[in-house]
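# What the coordinates show
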Amino acid sequence: MTDHDDFIPPYGLGGEASPPDPRDFVAELDTAVALPERFLLTGIPAALNQHSTPRCGGYSGAGIKAAQERAGGHGNLRFDADWLYDVAQTWDGIPRPPV
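First, a word on what this report is: a plain description of the structure on this page. Keep in mind that what you see is a predicted model, and the values were worked out from it rather than measured. (Residues numbered from 1 in each chain as written. Predicted model: local features only at pLDDT ≥ 70, side-chain atom pairs only at ≥ 80, totals over all residues. Heavy atoms only, no water.)

## Some details on the side chain of Glu69
In this fold, Glu69 is placed in helix 1 (residues 56-71). Other than its neighbours up to four places away in sequence, Glu69 contacts His74, Gly75, Leu77 and Phe79. (Helix = DSSP H or I, 4+ residues; strand = E, 2+ residues; numbered from the N terminus. Contact = heavy atoms within 4.5 Å.)

## Describing the pattern of salt bridges
Inspection of every chain in the model, using the stated rule, returns four salt bridges. When the shortest N-O distance is used, the salt bridge between Arg55 and Asp86 registers 3.1 Å. Taken together, the positions of Arg55 in the segment before helix 1 and Asp86 in helix 2 (residues 81-92) put the pair 31 residues apart, joining distant regions of the chain. A relative accessible area of 4% places Arg55 in the buried class. (Salt bridge = Lys/Arg side-chain N within 4 Å of Asp/Glu carboxyl O. Buried < 20%, exposed > 50% of the residue type's maximum accessible area, 1.4 Å probe, protein only.)

## Some points on unusual backbone geometry
For residues other than glycine, phi is negative in most cases, and the peptide bonds are mostly trans. The backbone of His51 shows a phi angle near 55°, a positive value even though the residue is not glycine. Looking at where His51 falls in the secondary structure, it is placed in the segment before helix 1.

Nothing here speaks to function; it is all geometry.
Rendered as structure tokens:
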């Protein structure tokens, strides 16, 4: 299995902390064991990062196909999200120049 840290920027994938909500509750983790600094989660494809491109459809399609192939016993395959986006745009009849 490949270490996919090089695909995720050090500042994360753009997530932001949610504002405080009075309905939130604090989980009691006193009995939990200490978690390691790093661990390898197997069985799922790597997170895809479209950066600032408007190609979420291509990236989500590539991620779904990777998950389907993994579930079908074909391993962790990578699909070209940018190619998928470009082909979809052509089929839709609204091709755009590459970003």
